[in-house]
Amino acid sequence: MRDFPLFEGVPDPNRDPYDSNQAIPTLLVTRDREEFEARFPDLEIVDVSWFSFLVYPLSGGFKRWTLIPEPVGRRLLELEKTLEAKLGRWFGFRTMIVLQKK
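Thresholds applied
Residues numbered from 1 in each chain as written. Predicted model: local features only at pLDDT ≥ 70, side-chain atom pairs only at ≥ 80, totals over all residues. Heavy atoms only, no water. Helix = DSSP H or I, 4+ residues; strand = E, 2+ residues; numbered from the N terminus. Buried < 20%, exposed > 50% of the residue type's maximum accessible area, 1.4 Å probe, protein only. Contact = heavy atoms within 4.5 Å. Patch = residues over 30% accessible without salt bridge, like charges linked within 9 Å, V, L, I, M, F, W, Y side chains within 5 Å. Areas by Shrake-Rupley, 256 points an atom, 1.4 Å probe, with all protein chains shown as cover. Salt bridge = Lys/Arg side-chain N within 4 Å of Asp/Glu carboxyl O. Expected span 1.5 Å × (residues − 1).

Chemist: Explain the environment of Ile 68 here, please?
Modeler: Checked against the element boundaries, Ile 68 lands in the loop between helix H3 (55–59) and helix H4 (70–91). Overall, the relative accessible area of 14% leaves Ile 68 in the buried class. Each C-alpha atom, one on Ile 68 and one on Tyr 56, is 10 Å from the other, the two residues being 12 residues apart in sequence. Beyond its immediate stretch of four places on either side in the chain, Ile 68 contacts Val 55, Leu 58, Gly 73 and Leu 76.

Chemist: How should I be thinking about the environment of Arg 74 in this particular structure?
Modeler: Here Arg 74 is to be found in helix H4. Since its relative accessible area comes to 52%, Arg 74 is described here as exposed. With 23 residues separating them in the primary sequence, Arg 74 and Phe 51 have C-alpha atoms 15 Å apart.

Chemist: Explain a nonpolar patch on the surface here, please?
Modeler: A cluster of nonpolar residues, Val 46, Met 96 and Val 98, forms a patch on the protein surface that exposes about 240 Å² of accessible area. With respect to the helices, strands and loops of the structure, Met 96 is situated in strand S2 (residues 94–101). Met 96 sits in the partly exposed class, given a relative accessible area of 44%.

Chemist: Could you clarify how one ought to interpret H4 in this entry?
Modeler: Each full turn of the α-helix corresponds to 3.6 residues, which orients residues three or four apart in the same direction. Under the 1.5 Å per step criterion, the end-to-end length of H4 is only 22 Å for 22 residues, more than 12% shorter than the ideal 32 Å. Three or more residues of H4 are buried, namely Gly 73, Glu 80 and Gly 88. On its buried side, H4 packs onto strand S1 (43–51) and H3.

Chemist: Whenever I open this one, the pattern of salt bridges confuses me. Can you help?
Modeler: Two side chains that carry opposite charge are able to pair once their charged atoms sit near each other. Counting across every chain of the model gives five salt bridges. In this structure, the salt-bridge partner of Arg 31 is Asp 32, at a minimum N-O distance of 2.9 Å. Residue classification places Arg 31 among the partly exposed positions, given a relative accessible area of 43%. Accessibility expressed as a relative area gives 2% for Asp 32, which makes it buried. Ionic pairing is found between Glu 70 and Arg 74, a salt bridge with its closest N-O pair at 2.6 Å. Here Glu 70 pairs with Arg 74, and both are found in helix H4, just four residues apart, close to one helical turn. Arg 74 shares its class with Glu 70; the two are exposed.

Have a look at this one:
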């Protein structure tokens, strides 16, 4: 069976919500886009952008620890903003997907 993000299964109520698979949004709008569009014909994918490729992993994401101090993180965020249009698609850890109901 193919690994598909829209696989229907029984949710585990004891699972930590932070133990998510962050690849699912990317898979839905790239590899499995045709399947997504077929299953949800009333939704149109209007825009997709990828971002957070430097600061997110260095800051620890949603964890309490961080590898960089806040002033360095702020400067890296500025640098990221200038680079994300070109590099975000290949290095981004986060995805913004805009859907519109048809």
